[in-house]
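Listed below are the residues making up each chain.
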Amino acid sequence: MKKILYDPATDERFANPVIDRKESMERELPDGKKVPFTYMHGLFEGTNVKFSFCFPEKDVYRGHFFQFLCPFPGPDEEVKALEITGWDDRIAFAVSHGAYYVESNMGSAAAFEQTQDDPRMRYQSSAAVAEFSRKTAEELYGCKRPCGYVYGGSGGGYKAMSCIENTGAWEGAVPYVIGSPMSLPNNVT
């Protein structure tokens, strides 16, 4: 039996996206070079889903995006990457490599709590955010459909697997640090 993939375009919960903040920002790379980008924050009306996009300048953009999935999404997780600098700066990595960066709170209304009755909300909201980011990029850059890659570690790795197995919103996924009986400290690989 063929599995039917979730398509956010058919989900009325995600029919009304709103960008509520847009501004120019920049990140500093380890070599001191500054990388400008356009930051956008938004939400889907009638839901708890919030998101942020970080778009590089048009002459740097190369047609793809990276979407990070947090292990423990919280009500304001979509803005956490703004606080991260240094070697783990996900925004600087994306925009300096010609990609835009995407993150959302995956519909979480409270940190470390299951606030959704439907456990599918994590991959469904993530797919809706990915698809809306594409429409935004197409308008911003006048480009064709961007290629997307979803990734995350630990709980975010499980979410990345759920996203890639249940939707067609991304071209690839990188789940990492997956907890299992075969993980550290039981296995050194």
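Located above this text is the structure these notes cover.
None of the values given here were measured: they were computed from a predicted structure.

Our focus in this paragraph is the packing of aromatic side chains. Enumeration according to the criterion identifies 16 aromatic pairs in this entry. Aromatic side chains Tyr6 and Tyr123 sit 6.2 Å apart centroid to centroid with 80 degrees between the ring planes, which places their arrangement in the edge-to-face category. Separated by 117 residues along the polypeptide, Tyr6 in the segment before strand 1 (17-28) and Tyr123 in helix 2 (residues 121-141) bring together distant segments of the chain. What makes Tyr6 buried here is its relative accessible area of 14%. Using a relative accessible area of 11% as the deciding quantity, one classes Tyr123 as buried. Between Phe51 and Phe53, the aromatic rings sit 4.9 Å apart at their centres with planes inclined by 20 degrees, giving stacked as the arrangement. Taken as a pair, Phe51 and Phe53 share a single burial class, namely buried.

Once that is clear, we can look at the sheet that holds strand 2 (residues 34-44). With mixed pairing, 7 strands are arranged side by side in an open sheet as 1-2-3-5-4-6-7. Strands with a single pairing partner mark the edges of an open sheet, and in this sheet they are strand 1 and strand 7 (172-176). The mean inter-strand angle of the sheet, taken between neighbouring strand axes irrespective of direction, is 20 degrees. As judged from the 7 bridges shared by strand 2 and strand 3 (residues 50-56), these two strands associate in the antiparallel manner. Paired with Met40 across the bridge in strand 3 is Phe53. Against the sheet, helix 2 touches strand 1, strand 2, strand 3, strand 4 (64-68), strand 5 (99-104) and strand 6 (147-153), its axis set at about 35 degrees to strand 3. Helix 3 (residues 155-166) rests against strand 6 and strand 7 of the sheet, and its axis sits at about 145 degrees to strand 6.

Looking now at the pattern of salt bridges. As enumerated under the stated definition, the model contains 11 salt bridges in all. Ionic pairing is found between Glu78 and Lys50, a salt bridge with its closest N-O pair at 3.9 Å. Of this pair, Glu78 sits in the loop between strand 4 and helix 1 (90-96) while Lys50 is found in strand 3, placing the two residues 28 residues apart along the sequence. Its relative accessible area of 3% is what places Glu78 among the buried residues. Of the charged contacts in the structure, one is a salt bridge between Arg145 and Glu131, with a shortest N-O distance of 3.7 Å. In this pair, Arg145 is assigned in the loop between helix 2 and strand 6 and Glu131 in helix 2, connecting sequence segments 14 residues apart. One salt-bridge network, held together by shared partners, links Glu131, Arg134, Arg145 and Glu171.

Here we take up the side chain of Arg27. Positionally, Arg27 belongs in strand 1. Of note is the side chain of Arg27, whose polar atom sits 3.0 Å from the side chain of Asp89. With sequence-adjacent residues up to four places away left out, Arg27 is seen in contact with Lys33, Lys34, Val35, Phe37, Ala81, Leu82, Ile84, Asp89, Ile91 and Ala92.

When strand 6 meets strand 7, the two strands line up parallel, connected through 5 bridges. Pairing of Gly152 across the sheet is with Pro175, part of strand 7. The parallel pair strand 6 and strand 7, bridged by helix 3, forms a crossover whose chirality is right-handed.

Calculation rules
- Residues numbered from 1 in each chain as written.
- Predicted model: local features only at pLDDT ≥ 70, side-chain atom pairs only at ≥ 80, totals over all residues.
- Heavy atoms only, no water.
- Phe/Tyr/Trp six-rings, centres within 6.5 Å; stacked < 30°, edge-to-face > 60°.
- Helix = DSSP H or I, 4+ residues; strand = E, 2+ residues; numbered from the N terminus.
- Buried < 20%, exposed > 50% of the residue type's maximum accessible area, 1.4 Å probe, protein only.
- Pairing = 2+ DSSP bridges.
- Axes fitted to C-alpha atoms, helices over the stretch in contact; angles between N-to-C directions.
- Contact = heavy atoms within 4.5 Å.
- Salt bridge = Lys/Arg side-chain N within 4 Å of Asp/Glu carboxyl O.
- Polar contact = N/O pair within 3.5 Å; in protein donor to acceptor, adjacent residues only side chain to side chain.
- Right-handed = clockwise from strand over helix to strand, strands pointing away.

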